[in-house]
Amino acid sequence: MKTVYFDNNATTKVADEVLEEMKPFFCDLYGNPSSMHTFGGQISRDIRRAREQVADLLGCDPAEIIFTGCGTESDNSAIKGTLAAQPNKRKVITSRVEHPAVLSVCRELQNLGYTVVELGVDKKGNLDLAELEEQIDDDTALVTIMYANNETGIIFPIEKIAELVKSRNTVFHTDAVQAVGKIPLNLSKNNIDLLSLSGHKLHAPKGVGALYVRKGTRLQPFMLGGHQEAGRRAGTENVPCIVGLGKACELAAKNIKKENEIVRHLRDKLENALLQNCPDCILNGDKKNRLPNTSNISFEYIEGEAILLMLDKYGICASSGSACTSGSLEPSHVLRAMGVPFTAAHGSIRFSLSRYNTEKEVDYTIQIMPQIVNRLRELSPFVKK
Ligand code: PLP
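This write-up is about the structure you can find in this document. (Residues numbered from 1 in each chain as written. Predicted model: local features only at pLDDT ≥ 70, side-chain atom pairs only at ≥ 80, totals over all residues. Heavy atoms only, no water.)

As for the overall build of the protein
Part 1 of the argument: Looking only at helices and strands, one finds 13 helices and twelve strands in the protein.
Part 2 of the argument: Rg of the C-alpha trace for the protein: 21 Å, near the compact-globule value of 21 Å for 385 residues, within the 12% margin.
Part 3 of the argument: When its C-alpha atoms are laid out on the principal axes, the protein stretches across 75 × 50 × 35 Å.
Part 4 of the argument: A burial count over the protein gives 56% of its 385 residues as buried.
Part 5 of the argument: Within the protein, contacts between residues separated by at least 24 positions form 73% of all contacts whose residues are at least 6 apart in sequence.
Part 6 of the argument: Accessible area for the protein stands at about 16900 Å²; split by element, carbon and sulfur atoms hold 52% of it.
Part 7 of the argument: Charge centroids of the protein, computed over 46 positive and 47 negative side chains, lie 2 Å from each other. (Helix = DSSP H or I, 4+ residues; strand = E, 2+ residues; numbered from the N terminus. Rg over C-alpha atoms; globule rule 2.2 N^0.38 Å. Buried < 20%, exposed > 50% of the residue type's maximum accessible area, 1.4 Å probe, protein only. Contact = heavy atoms within 4.5 Å. Areas by Shrake-Rupley, 256 points an atom, 1.4 Å probe, with all protein chains shown as cover. Lys, Arg positive; Asp, Glu negative; His and termini not counted. Charge placed at Lys NZ, Arg CZ, Asp CG, Glu CD.)

Structure representation (structure tokens):
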């Protein structure tokens, strides 16, 4: 049985072109880019090229890119590094629907005595910008709001938010881990100060990420040690993965528009058919304002985990809530923040597609899913028989 992979917000397949680009850096070009000899030193050229490829995708200067180990590290560095650079300010503003890579840091800060404001969202998952404006004061060191939500795909109006935060002389960070490679971004045209991305969400390998730091933004290094990344992130570079991330960004920059259309078509076909053919299910979040690859649907009266197990039997991979938090049966904090009722939040499934999905896979899932839902409803104590 071939796997049908609809869990691309959790992680993605490494693109063949990316793997090819990485291969020489394991056993042939394995030198340390910090070495004095040519064998190692020449590799700094490949890192430079990767930095340019990432910067091209984002519309920024290569010098504004720091390579990190993952999206979580980028988020942690951005938040902790910004606060360390402004020791007199003690307030952080974020949203209730952030990924744990941001929320856990903010909650730790709260324990350390910082004031942390978590902005709420409405039923469609949208933020109240007036509330954000009201909350920014002279004590605010940082506003950190995600670009696109990993569970619902909802895209926040980040350019507007960045402009607002800038007008109040405050630093703005966005966790764009789910946005980069899926929707076009242009940092030369907005006021974002810091942006996090992660390789494995855009067909590069796991174990590499990047942090964009706008020139002039004050940031205390998070990792201390050697002089790599111009002293902004110590640690010997993960050269194969950095090269892979560069290639993945080059591919995204070239193909993003065309791929968006294909992926959106497949997502819409899957979503429309499920909403039509499975009784008592609802789409979570704003239908328009979202990533083209993500669909989050609640199937009332049944458990998301039970649906996932049945899907798994048919070789179909999806997720309930965030993959990073699954393992606990708490309903998704994102859906709860949107006011999705407990029973519906428990029965939510996220389908997240990529350029590697096919029409055939979508048709197969459309055929299987109503059978699964009907079967589980027959077993459900919440359904009147
Ligand atoms: N931020 C968001 C929005 C995510 O979806 C994820 C991963 O799912 C992360 C951060 C963490 O990224 P990484 O897995 O690279 O640490």
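Moving on from the model shown.
Thoughts on the sheet that holds strand β10 (residues 294-299)
Part 1 of the argument: Here we have three strands laid out as an open sheet, ordered β9-β10-β12, and antiparallel in their pairing. Single-partner strands in this sheet number two, and they are β9 (281-283) and β12 (348-352). Each adjacent strand pair in this sheet contributes to an overall mean axis angle of 25°, direction not counted.
Part 2 of the argument: Where β9 and β10 come together, three bridges link them in antiparallel fashion. Residue pairing in the sheet places Leu-283 in a bridge with Ile-297 of β10.
Part 3 of the argument: Along the sheet face, helix α10 (residues 304-313) touches β10 and β12 and points at about 45° away from the line of β12. (Pairing = 2+ DSSP bridges. Axes fitted to C-alpha atoms, helices over the stretch in contact; angles between N-to-C directions.)

Re unusual backbone geometry
Part 1 of the argument: Even without glycine at this site, Asp-280 takes up a positive phi of about 55°.
Part 2 of the argument: In this structure, Asp-280 sits in the loop between α9 (239-277) and β9.
Part 3 of the argument: The exposure class assigned to Asp-280 is partly exposed, which follows from its relative accessible area of 46%.
Part 4 of the argument: Even without glycine at this site, Tyr-301 takes up a positive phi of about 70°.
Part 5 of the argument: Of note, Tyr-301 is situated in the loop between β10 and α10.
Part 6 of the argument: A residue is classified by how much of its surface remains accessible, and Tyr-301, at 33% relative accessible area, is partly exposed.

Concerning the site of the ligand
Part 1 of the argument: Around the ligand, the structure places 14 residues, and the nearest of them are Thr-72, Asp-175, Gln-178, Ser-198 and Lys-201.
Part 2 of the argument: Contacts to the ligand include Gly-71, whose backbone N or O atom sits 2.8 Å from an oxygen atom.
Part 3 of the argument: Within the side chain of His-99, an N or O atom sits 3.4 Å from an oxygen atom of the ligand.
Part 4 of the argument: In the complex, the protein chains occlude 93% of the 390 Å² of accessible area that the ligand would expose alone.
Part 5 of the argument: The element that contributes the greatest number of residues to the shell around the ligand is helix α5 (residues 71-85), accounting for three residues.
Part 6 of the argument: Partitioned by chemical class, the residues of the shell around the ligand number four nonpolar, seven polar and three charged. (Near = heavy atom within 4 Å. Polar contact = N/O pair within 3.5 Å; in protein donor to acceptor, adjacent residues only side chain to side chain. Nonpolar A, V, L, I, M, F, W, Y, C, P; charged D, E, K, R; others polar.)

A word on the sheet that holds strand β3 (residues 91-95)
Two strands in a sheet stick together by hydrogen bonds in their backbones, pointing the same way (parallel) or opposite ways (antiparallel).
Part 1 of the argument: Strand order in the open sheet formed by seven strands is β2-β8-β7-β6-β5-β3-β4, with mixed pairing between adjacent strands. Each edge of the sheet is formed by a strand with only one pairing partner; in this case those strands are β2 (65-68) and β4 (115-119). Each strand of the sheet is rotated relative to its neighbour by a mean of 20°, with strand direction disregarded.
Part 2 of the argument: Pairing geometry for strand β5 (residues 140-144) and strand β6 (residues 171-175), over three bridges, is parallel. What sits directly across from Thr-144, in β6, is His-173.
Part 3 of the argument: Sheet contacts for α5: β2, β3, β5, β6, β7 (194-198) and β8 (209-213); angle to β7, the most-contacted strand, approximately 160°.
Part 4 of the argument: Each of β5 and β6 is contacted by helix α8 (residues 158-167), which is oriented at about 160° to β6, the strand it contacts most.

Looking at the pattern of salt bridges
Part 1 of the argument: Counted by the stated rule, this structure contains 20 salt bridges.
Part 2 of the argument: Close ionic contact of Lys-80 with Glu-108 constitutes a salt bridge, the shortest N to O distance being 3.7 Å. Linking Lys-80 in helix α5 with Glu-108 in helix α6 (residues 100-111), this pair joins segments that are 28 residues apart in sequence.
Part 3 of the argument: Note that Lys-91 and Asp-137 form a salt bridge whose closest N and O atoms lie 3.2 Å from each other. Here Lys-91, found in strand β3, pairs with Asp-137, found in the loop between α7 (129-135) and β5; they are 46 residues apart in sequence, far enough to count as distant. (Salt bridge = Lys/Arg side-chain N within 4 Å of Asp/Glu carboxyl O.)

Comments concerning the pairing of β2
Walk down a regular strand and you will see the side chains alternate between the two sheet faces.
Part 1 of the argument: Here β2 shows two buried faces, one formed by Ile-65 and Phe-67 and the other by Ile-66 and Thr-68.
Part 2 of the argument: One ladder, built from four bridges, connects β2 with β8; its direction is antiparallel. When the sheet's bridge partners are listed, Ile-65 is paired in β8 with Tyr-212.

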